[in-house]
Amino acid sequence: MTLEDLIYTKLSNPNGPAAKLARYGDAPAIFYQAAPEDTAAGWYGKRQYPRIDYTVDMQANPERHSCGILTLNIWCSEQCAPPEDLEPEVRAMMREVFMQPDESPPYSLAWVRSDAFEGRSQANPATLVNGITVLFDLFAFPVQETTDPDPILAINEYVKQWAPDALVIGKDTLERFQIATTDQPIFYFRLASLQLQRETNTVAWMDGMIAGYIYAPEETRLKWLKALVDVLSLDGEVTMLDTSPMFLRGIKADSAADPLTVGQLRLQIRFGLLRRPKYAHTLMKDHKAI
């Protein structure tokens, strides 16, 4: 399923606002990009409001900025409930949920704003149509694996061993729709920066910064952040997959930071790149006697 398909599936849940929408054919009146004409046969001459249409616009995401925008329009007529009754339900349904499309990274939505508008019915211009446009920022969570030794693989494995019930994006497979809970938070880590610190004959020391994102219900998000900071501070290092240590040179937590954009955790790390080929001095070679 594509991201657009998942959004439609979420909106059309019969236990949500879809139950209050008009019907087009055998489905709730939810449409991608634009609704059919008011005179289309699928309306069967019945009521055509309330209805919803939506569009997804993707854009570049260089540094955890929004990778796209979901524009969702709720249309209502004078003969049905006002859009203000549907907007809170739609907003609550779409925010703070992770969606996992096929062959794509997980996505999550953050509500931006809701704007009211007015229009006229196509079939009956005398009928006033009003609605609300709901805007969401779209965030992607691509896999952050790099090369061996991999700091992200190491911290993912560390957190998974520390909290086996938690979900770590990049290590665990998410459901189509995944919501972080008190007992099952969702963690995401990315390599924010990397630079050469110094070189020796055997090791090239690298300094880097890992950004951490913690998703949990608001009342327990701080507890998970504090617990992870505590265990990292006590251990002081994370074992990488090649058994070498990744030293934690600094830990900074900010519980007020946005978990979707900047993340609440910053880890200053240092690890070594071993010069694996052994240096063979010429005096160590075998020479024939003269």
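In case you missed it, the structure is sitting above this.
Residues numbered from 1 in each chain as written. Predicted model: local features only at pLDDT ≥ 70, side-chain atom pairs only at ≥ 80, totals over all residues. Heavy atoms only, no water.

K.L.:
It is not clear to me how the sheet that holds strand 13 (residues 237-239) should be interpreted in this structure. Could you clarify?
P.N.:
Strand pairing in a sheet is mediated by backbone hydrogen bonds. Such pairs are either parallel or antiparallel. Pairing in this open sheet of six strands is mixed, and the strands run 9-11-12-15-14-13 from one edge to the other. Either end of the sheet is taken by a strand with one partner, and the two such strands are strand 9 (167-168) and strand 13. Across the sheet, helix 3 (residues 151-162) touches strand 9, strand 11 (186-199), strand 12 (203-215), strand 13, strand 14 (245-253) and strand 15 (265-274), and the angle it forms with strand 11 is around 135 degrees. (Pairing = 2+ DSSP bridges. Helix = DSSP H or I, 4+ residues; strand = E, 2+ residues; numbered from the N terminus. Contact = heavy atoms within 4.5 Å. Axes fitted to C-alpha atoms, helices over the stretch in contact; angles between N-to-C directions.)

K.L.:
How should the nonpolar core be read in this particular structure?
P.N.:
Core analysis: the biggest nonpolar cluster contains 30 residues, and I7, L11, I52, L70, L72, I74 and M94 have the highest contact counts within it. Secondary-structure elements contributing two or more residues to this core are helix 1 (3-11), strand 4 (51-58), strand 5 (68-77), helix 2 (83-94), strand 7 (107-120) and strand 8 (128-140). Ranked by residues supplied to this core, first place goes to strand 8 with six residues. Other than its neighbours up to four places away in sequence, L11 contacts A18, I30, I52, Y54, L72, V90, M93 and M94. Membership of the second largest hydrophobic core comes to 28 residues, among which are A163, F189, I214 and L228. (Core = buried A, V, L, I, M, F, W, Y, C linked by side-chain atoms within 4.5 Å. Buried < 20%, exposed > 50% of the residue type's maximum accessible area, 1.4 Å probe, protein only.)

K.L.:
Before we go on, may I ask you to explain the packing of aromatic side chains in this structure?
P.N.:
Centre distance and the angle of the planes are the two values used to describe a pair of aromatic rings. Going through the model one piece at a time under the given rule, you end up with 15 aromatic pairs. For the pair Y24 and W43, a centre-to-centre distance of 5.0 Å together with 75 degrees between the ring planes defines the contact as edge-to-face. Residue Y24 is found in strand 1 (residues 23-24), and its partner W43 is found in the loop between strand 3 (30-32) and strand 4; the two are separated by 19 residues along the sequence. Judged by relative accessible area, which is 25%, Y24 ranks as partly exposed. Overall, W43 belongs to the buried group, its relative accessible area being 1%. For the pair W205 and F247, a centre-to-centre distance of 6.4 Å together with 40 degrees between the ring planes defines the contact as tilted. In this pair, W205 sits in strand 12 while F247 sits in strand 14, placing the two residues 42 residues apart along the sequence. (Phe/Tyr/Trp six-rings, centres within 6.5 Å; stacked < 30°, edge-to-face > 60°.)

K.L.:
Where do I start with the state of the cysteines in this structure?
P.N.:
One way to say it: the disulfide is the covalent bond shared by the sulfur atoms of two cysteines. Counting across every chain of the model gives zero disulfides. We note that C76 lacks a disulfide partner, and the nearest cysteine sulfur, in C80, lies 4.3 Å from it. Given the relative accessible area of 0%, C76 is considered buried. (Disulfide = S-S within 2.5 Å.)

K.L.:
Teacher, can you tell me more about unusual backbone geometry here?
P.N.:
Residues apart from glycine generally show negative phi values, whereas peptide bonds are mostly found in trans. Look at the link from Y49 to P50: it is a cis peptide, with omega at 0 degrees. Within the secondary structure, P50 is located in the loop between strand 3 and strand 4. Of note in this structure, Q33 is not a glycine but carries a positive phi near 75 degrees. Structurally, the position occupied by Q33 is in the loop between strand 3 and strand 4.

K.L.:
What is the right way to read the pairing of strand 14 from this model?
P.N.:
If a strand is regular, its side chains alternate between the two faces of the sheet. The pairing of strand 13 with strand 14 spans three bridges and is classified as antiparallel. Within strand 14, the position partnered with T239 by the bridge is P245.

K.L.:
Is there a simple way to think about the pairing of strand 8 in this case?
P.N.:
Of all 13 residues making up strand 8, eleven are buried, and the element is well covered by its neighbours. Here strand 5 pairs with strand 8 via ten bridges, running antiparallel. Opposite N73, over in strand 8, you have T133 as the bridge partner.

K.L.:
How do you make sense of the pattern of salt bridges when you look at a structure like this?
P.N.:
Any two side chains of opposite charge can pair if their charged atoms end up close together. Across all of its chains, the model carries ten salt bridges by this definition. The partner of R176 in a salt bridge is D102, and the shortest N-O contact between them spans 2.8 Å. One end of the pair, R176, is in the loop between strand 9 and strand 10 (177-178); the other, D102, is in the loop between strand 6 (98-99) and strand 7, with 74 residues separating them in the sequence. Residue classification places R176 among the partly exposed positions, given a relative accessible area of 32%. Judged by its relative accessible area of 41%, D102 is partly exposed. (Salt bridge = Lys/Arg side-chain N within 4 Å of Asp/Glu carboxyl O.)

K.L.:
It is not clear to me how the side chain of N73 should be interpreted in this structure. Could you clarify?
P.N.:
With respect to the secondary-structure elements, N73 resides in strand 5. At a separation of 2.7 Å, a polar atom in the side chain of N73 contacts the side chain of T133. Leave out the neighbours within four places in its chain, and N73 touches R51, I52, D53, F117, I132 and T133. (Polar contact = N/O pair within 3.5 Å; in protein donor to acceptor, adjacent residues only side chain to side chain.)

K.L.:
I tried to follow the packing of helix 1 against helix 2 on my own but got confused; where do I start?
P.N.:
Packed helices, taken two at a time, are described by the angle between their axes plus the distance between the axes. Look at helix 1 against helix 2: their axes get within 10 Å of each other, and the N-to-C directions meet at 130 degrees. Accordingly, the angle class assigned to the pair helix 1 and helix 2 is oblique. The element helix 1 and its partner helix 2 pack so that their crossing is right-handed. Between helix 1 and helix 2, the contacting residues are I7, K10 and L11 on the first element and V90, M93 and M94 on the second. Along the lines of polarity and charge, the residues of the contact of helix 1 with helix 2 split into five nonpolar, no polar and one charged. (Parallel < 35°, antiparallel > 145°, perpendicular 65-115°, else oblique. Left-handed = near helix turned anticlockwise from the far one by under 90°. Nonpolar A, V, L, I, M, F, W, Y, C, P; charged D, E, K, R; others polar.)

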